[in-house]
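Survey of secondary and tertiary structure
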Amino acid sequence: MSFGQSLTTLHTPVFTVDLQTVKRNVSQMNQRFKAMGVKLRPHMKTHKTVTQRFLSGPFTPGVELSTKTLAVSHDARLLFSGGHWDNSLRVTSLSKGKVIGHINRHIDVVTCLALDLCGIYLISGSRDTTCMVWQVLQQGGFSYGLASKPVQVLYGHDDEVTCVAISTELDMAVSGSKDGTVIVHTIRRGQFMRTIKPPCDSSLPVTMMNITVGLEGQIVIQSTIEGRSSLKDKFFLHLYSVNGKHLSSITLDEQITTMCIAQEYAILGTLQGNLHIRDLHSLKAVISPLSLKVPIHCVSVTKENSHILVGLEDGKLIVVGAGQPSEVRTGQFTRRLWGSTRRISQVSSGETEYNPPETK
């Protein structure tokens, strides 16, 4: 328990008490019951706060907990997690906060996870250089677990798998590795389709850090040249067609931490706290980067394509919409791309701009 803290410094959800208000209410009640000749024992009953769930560890040193090692089922009932010390892939019930699945099939640490758009299949990548495709078990339209055996085991990399993506509709399982390659397999048969090696003019090792697949099979890859201390010419973004044809590559001066695709746009969050929106066909910037001033950990687009949800390092969830919050309509993503000068709303307080507290 602490006293005198500013509300802006508290981590939510949190229970707060206004002592002056409590004392005033108790005094009023005492006076009222005293006038009625009734004895009163003052007490206070509070509202229930949201129960916080914690993911049990320990986790393997060197594996960062991020959107690459965590995935949530589409009905928000299950949390799939990797990075565990025992090389397991775990399934946690979000309603109960308990581990309901503990699967050991990889022989080394699970480094990355991804769900398909339909929530039917999960793909995992590991330090053992393999990927595995798993079926999400469903009953009555709700997810309740993960199959104990993988649907496919995919081979081909020579080093740790660092990022994965999957598209059931296009029968594509895509994986990137520290060996500098991206490999495409089919889901149903586990058949090798092609190897993609993004262009690089350096002799230093190249690692595929992030990967995502569009509705038409576009593959967006973010690569990093290891060993370069400066940000200049270290991070790259590549675009390939569903057939593996190289369409575009650009150099970035920021480190991408997360990315996703929404219709005709690639949405990128960076360690430097900027949100980038780029055209999916050319990788050109559609608008100037939105500065959130805090490192971005995850991005997601709502089902109606009207808002982008942005998770920040300081625990805040920011909603980026198409114009003023009152102007946003379902499906507005393609008709008006953030035309307002006041774009950002903070979910917890309804503010229209996000200004994080200054660090001392």
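You'll find the structure just up there.
Only a predicted model underlies this, so the values are computations on that prediction, with no experimental measurement involved.

Brief notes about the overall build of the chain
- Along the backbone of the chain there are 1 helix and 25 strands.
- A total of 360 residues make up the chain; the buried ones form 45% of that total.
- For the chain, contacts bridging at least 24 residues in sequence account for 41% of all contacts bridging at least 6.

A word on the state of the cysteines
- Inspection of every chain in the model, using the stated rule, returns 0 disulfides.
- For the unlinked cysteine Cys112, the closest cysteine sulfur is that of Cys131, found at 6.3 Å.
- Taking relative accessible area as the criterion, Cys112 reaches 1% and is therefore assigned buried.
- Here Cys260 is not disulfide-linked; the sulfur of Cys298 is the nearest cysteine sulfur, at 10.0 Å.
- The buried category is assigned to Cys260, whose relative accessible area is 14%.

What to know about the sheet that holds strand β13 (residues 192–196)
- Spatial strand order, β10-β11-β12-β13: 4 strands in an open sheet with antiparallel pairing. Among the strands making up the open sheet, the edge pair consists of β10 (161–167) and β13. Averaged over all neighbouring strand pairs, the angle between strand axes comes to 15°, with direction disregarded.
- Relative to strand β11 (residues 172–177), β10 is paired through 6 bridges, and the arrangement is antiparallel. Counted as the bridge partner of Cys163 is Gly176 from β11.

Describing the sheet that holds strand β19 (residues 265–270)
- Taking strand neighbours across the sheet as the criterion, the 4 strands line up as β18-β19-β20-β21 in an open arrangement whose pairing is antiparallel. Lying at the two open borders of the sheet, with one neighbouring strand each, are β18 (256–262) and β21 (290–291).
- Here β19 runs beside strand β20 (residues 274–279); their pairing, made up of 5 bridges, is antiparallel. Residue pairing in the sheet places Ala266 in a bridge with Arg278 of β20.

A closer look at the pattern of salt bridges
- For the structure on display, the rule yields 5 salt bridges.
- Between Asp75 and Arg77 there is a salt bridge whose closest N-O contact spans 4.0 Å.
- Taking the relative accessible area as the measure of exposure, Arg77 reaches 39% and is therefore partly exposed.
- Linking Asp86 and Arg90 is a salt bridge whose minimum nitrogen-to-oxygen distance equals 3.2 Å. Each member of the pair, Asp86 as well as Arg90, is classed as buried.

Looking at unusual backbone geometry
- The backbone of Asn87 sits at a positive phi, close to 65°, despite the residue not being glycine.
- Relative to the helices and strands, Asn87 is located in the loop between β2 (78–81) and β3 (89–93).
- Phi is positive for Asp171, which is not a glycine, with a value near 55°.
- Tracing the chain through its elements places Asp171 in the loop between β10 and β11.

Quick notes on the side chain of Thr181
- Considering the arrangement of structural elements, one finds Thr181 in the loop between β11 and β12 (182–185).
- What makes Thr181 buried here is its relative accessible area of 13%.
- Polar side-chain contacts of Thr181 include one of 3.4 Å to the side chain of His157.
- Side chain to side chain, Thr181 and Asp179 meet in a polar contact 2.7 Å long.
- With sequence-adjacent residues up to four places away left out, Thr181 is seen in contact with His157, Ser175, Gly176, Thr195, Ile196, Lys197 and Met208.

What counts, and at which threshold
- Residues numbered from 1 in each chain as written.
- Predicted model: local features only at pLDDT ≥ 70, side-chain atom pairs only at ≥ 80, totals over all residues.
- Heavy atoms only, no water.
- Helix = DSSP H or I, 4+ residues; strand = E, 2+ residues; numbered from the N terminus.
- Buried < 20%, exposed > 50% of the residue type's maximum accessible area, 1.4 Å probe, protein only.
- Contact = heavy atoms within 4.5 Å.
- Disulfide = S-S within 2.5 Å.
- Pairing = 2+ DSSP bridges.
- Axes fitted to C-alpha atoms, helices over the stretch in contact; angles between N-to-C directions.
- Salt bridge = Lys/Arg side-chain N within 4 Å of Asp/Glu carboxyl O.
- Polar contact = N/O pair within 3.5 Å; in protein donor to acceptor, adjacent residues only side chain to side chain.

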